[in-house]
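Fold and contact review
Spelled out, the chains give:
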Amino acid sequence: MEPQLPFAAGKKIIIIGGGVAGLAFAISLRKQWPDGSAFPEIVVYERDNKELSIGREGYSISIRGDARSGGLQALEKMGLSDTATQQAVSQSGVDGSGGFMMWDLQWNTLLGLGNQPGIRITRDTLRRVMIDAALSIPEVHIRWGTACSDVKLEDGIVTVVLPDGNVDQADILIAADGASSKIRVSVRPDDKLSFAGAVLISGSSNFPSGQVPAPVDRNWGLVLGGGGTGFFTSPVAASRALWSVSYLSNEPREKMKTPYSQEQVETLLEEALDRGRSFAEPFQSMVKNSDPATVKVINAMDKPPFSHADPQSPIIFIGDANHPVSPFAGNGANMALMDGWELATQFSKAKSLPEALTAYDKSSVSRSQAALSQSHWSISMAHATGVKLFLYRTSLKLIGILTWLRG
Ligand SMILES: Cc1cc2nc3c(=O)[nH]c(=O)nc-3n(C[C@H](O)[C@H](O)[C@H](O)COP(=O)(O)OP(=O)(O)OC[C@H]3O[C@@H](n4cnc5c(N)ncnc54)[C@H](O)[C@@H]3O)c2cc1C
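One structure accompanies this document, and this report is about it. All values derive from a computational prediction rather than experimental measurement. (Residues numbered from 1 in each chain as written. Predicted model: local features only at pLDDT ≥ 70, side-chain atom pairs only at ≥ 80, totals over all residues. Heavy atoms only, no water.)

Let us now look at the packing of helix H1 (residues 20–32) against helix H9 (residues 332–349). Contact geometry of H1 with H9 gives a least axis separation of 7 Å together with a crossing angle of 35°. H1 and H9 meet at a crossing whose hand is right-handed. Counting all contacts with H1, which are made through Val20, Ala21, Ala24, Phe25, Ser28, Leu29, Lys31 and Gln32, the residues of H9 involved are Ala333, Ala336, Leu337, Gly340, Trp341, Leu343, Ala344, Thr345, Phe347 and Ser348. Counted by class, the contact of H1 with H9 contains 12 nonpolar, 5 polar and 1 charged residues. (Axes fitted to C-alpha atoms, helices over the stretch in contact; angles between N-to-C directions. Helix = DSSP H or I, 4+ residues; strand = E, 2+ residues; numbered from the N terminus. Left-handed = near helix turned anticlockwise from the far one by under 90°. Contact = heavy atoms within 4.5 Å. Nonpolar A, V, L, I, M, F, W, Y, C, P; charged D, E, K, R; others polar.)

Next up, the structure:
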């Protein structure tokens, strides 16, 4: 009897969005594809050009190796963890290196998770590592600077309308175009982002090389107890660190047109200094040394994940396009990497699309729901005052003791 081929054999797949999730899917599919069946043709439409400005991607993200996140494991399976780790800003789980921390106002450690495996890497570096891997696959074609916003499904064929008015067609479409997904707006117009109740003013600060002030030179995390103001910081490079001051709000802040004027940047920096006046140095130095091009206001937005209710439909949403979380989750890229790997696992072995999607949704949706709940918990903790703050600090101490006992 002839061996049964994966349903995706010989098909054409369009991926909208060459970010973490989209590239992870393409790389992972090549890695897991069985010998002897035709590898699909993959076309990636990416809105941005290959090279990006620092203001767009100049932040760092933590790729975690703990059981819940698994981004590092996904990179390892793709064969990219060594390259990514070599180019990381900081590595945890290694003696003497950095890790995720929670500090009090004077930068005393409330919780230190330096023993948990993981890396801190700039979004731009991770992107470059993944682009190089994707471009080394002959069947993967990336069309740069091409934003797609309209898709149609007719007789099982997906048609994508390109910005120049031409169309492209495929058997399967993977929407991986990020949190504000235009494809989600086109296919699921009622599935909108919601405001998660916090506003961030953030920026990246420049220092002479090797002089990013401790403890931000290697560690990243939250400062608690700012009287309703949260502070997150992380290293980005030997000469660069990211900061964000946040506060709770009932409404998102009005969107400011980019690029911000010098006056707008100065006003935002003054506001950040004022909101964070109870934080000790190096808070002030970090805000004052900000690169004006990186200063921005971010409304924390998110929405619940969804499963693919019609498993016959060949339009599939992964990463932030499906389950956007706010920066308070610190987990969106990890989930995007795992989504890419796991969808590719199903595509490489399932005999039908419904079979692949049912198995994929089972792990992706529950994982994303847990990350969403955890991000809301982080928002509450970062801005806690009074009794609530006392309770959070006590639980952090307990978590620290338990983590230390587990080694
Ligand atoms: C400040 C900040 C800090 C963060 N820190 C962390 C962290 O520590 N750990 C973590 O795991 N996550 C973190 N995240 C979240 C993480 O960056 C995202 O969750 C992750 O990048 C999602 O991957 P994605 O591929 O789904 O979307 P994206 O990485 O956003 O990729 C989407 C891609 O689609 C492209 N695109 C968009 N629209 C279109 C279109 N219409 N047509 C074609 N292409 C399009 C975009 O240019 C982009 O390349 C952070 C996010 C921010 C903003």
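Glancing now at the layout of surface pockets. Of the voids in this model, the second largest pocket is the one considered here, and its volume is about 150 Å³. What lines the second largest pocket is Leu153, Val187, Arg188, Phe306, Ser307, His308, Ala309, Asp310, Ser313, Ile315 and Phe317. When its residues are assigned to classes, the lining of the second largest pocket shows 6 nonpolar, 3 polar and 2 charged. (1 Å grid on protein atoms, 1.4 Å probe; cavity = no way out; pocket = protein on both sides within 12 Å on 5 of 7 lines; lining within 4 Å. Points joined across faces, edges and corners; volume = space filled by probe spheres on them.)

Quick reminder: α-helices carry 3.6 residues per turn. Residues three or four places apart thus point the same way. Over its 14 residues, helix H7 (residues 262–275) extends 20 Å from the first C-alpha to the last, a length consistent with the 20 Å expected when each residue adds 1.5 Å. Among the residues of H7, Val265, Leu268, Leu269 and Ala272 are the ones counted as buried. What you see down the axis of H7 is that its buried residues fit within an arc of 100°, all on one side. Across from the buried face of H7, at angles greater than 90 degrees, the exposed residues are Glu263 and Glu270. In this structure, the buried side of H7 is in contact with strand S13 (194–206), strand S16 (240–248), helix H8 (283–288) and strand S17 (296–302). (Expected span 1.5 Å × (residues − 1). Buried < 20%, exposed > 50% of the residue type's maximum accessible area, 1.4 Å probe, protein only. Arc of directions from axis to C-beta.)

It is worth spelling out the site of the ligand at this point. By nearness alone, 30 residues border the ligand, and Ala21, Glu46, Arg123, Cys148 and Asp320 come closest of all. A distance of 2.8 Å separates an oxygen atom of the ligand from a polar backbone atom of alanine 21. In the model, a nitrogen atom of the ligand is placed 2.7 Å from a nitrogen or oxygen of the cysteine 148 main chain. Relative to its free-state accessible area of 1,000 Å², the ligand is covered by the protein chains to the extent of 88%. Of all the secondary structure elements, the ones that give two or more residues to the shell around the ligand are H1, strand S3 (60–64) and H9. Take the shell around the ligand: its biggest share by element is 4 residues, from H9. Its residues assigned to classes, the shell around the ligand shows 11 nonpolar, 11 polar and 8 charged. (Near = heavy atom within 4 Å. Polar contact = N/O pair within 3.5 Å; in protein donor to acceptor, adjacent residues only side chain to side chain. Areas by Shrake-Rupley, 256 points an atom, 1.4 Å probe, with all protein chains shown as cover.)

When you tally the buried positions in strand S14 (residues 220–226), you get 7 out of 7 residues, the bulk of the element. Inspection of the sheet shows strand S5 (residues 100–103) paired to S14 by 4 bridges, in the parallel sense. Bridge pairing in S14 links methionine 101 to glycine 221. Examined bridge by bridge, S14 and strand S15 (residues 229–237) share 4 bridges and lie antiparallel to one another. Opposite leucine 222, over in S15, you have phenylalanine 232 as the bridge partner. Following S14, the chain reverses through 2 residues before pairing antiparallel with S15; glycine 227 in that reversal takes a positive phi of roughly 60°. (Pairing = 2+ DSSP bridges.)

Under the 1.5 Å per step criterion, the end-to-end length of H1 is 18 Å for 13 residues, consistent within 8% with the ideal 18 Å. When you tally the buried positions in H1, you get 10 out of 13 residues, the bulk of the element. At its buried positions, H1 is contacted by strand S1 (12–16), strand S2 (41–45), helix H5 (123–135), strand S8 (140–143), strand S12 (172–175) and H9.

Ranked by size, the top nonpolar core spans 55 residues in total, and within it Phe25, Ile63, Met130, Ile174 and Phe347 carry the most contacts. Grouped together as the second largest cluster of nonpolar side chains are 26 residues, Val199, Trp243, Tyr247 and Phe279 included. (Core = buried A, V, L, I, M, F, W, Y, C linked by side-chain atoms within 4.5 Å.)

What follows deals with the sheet that holds S15. Sheets are built from strands paired through backbone hydrogen bonds, the pairs being either parallel or antiparallel. Strand order in the open sheet formed by 7 strands is S6-S5-S14-S15-S16-S13-S17, and the pairing between neighbours is mixed. Here the strands that pair on one side only, and so sit at the sheet edges, are strand S6 (109–112) and S17. Across the sheet, the mean angle separating the axes of adjacent strands is 25° when strand polarity is ignored. Packed onto the sheet, H7 meets S13, S15, S16 and S17 and runs at close to 70° relative to S16.

A few words on the packing of H9 against helix H10 (residues 353–382). The interhelical angle for the contact between H9 and H10, taken along N-to-C directions, is 165°, at an axis separation of 9 Å. One way to sum up the angle between H9 and H10 is to call them roughly antiparallel. H9 and H10 meet at a crossing whose hand is right-handed. Residues Met335, Met338, Asp339, Glu342, Leu343, Gln346 and Phe347 of H9 form the contact with H10, whose participating residues are Leu353, Ala356, Leu357, Ala359, Tyr360, Ser363, Ser364, Arg367, Ser368 and Ala371. Looking at the contact of H9 with H10, its residues break down into 10 nonpolar, 4 polar and 3 charged. (Parallel < 35°, antiparallel > 145°, perpendicular 65-115°, else oblique.)

Between alanine 214 and the following residue, proline 215, the backbone shows a cis peptide bond with an omega angle of 0°. Mapped onto the elements of the fold, proline 215 is located in the loop between S13 and S14. Each neighbour pair has its own omega, and for threonine 258 with proline 259 the value is -5°, a cis peptide bond. The backbone of tryptophan 107 sits at a positive phi, close to 70°, despite the residue not being glycine. Phi angles above zero are rare outside glycine, and aspartate 155 is one such case at about 50°. Here aspartate 155 is to be found in the loop between strand S9 (150–154) and strand S10 (157–161).

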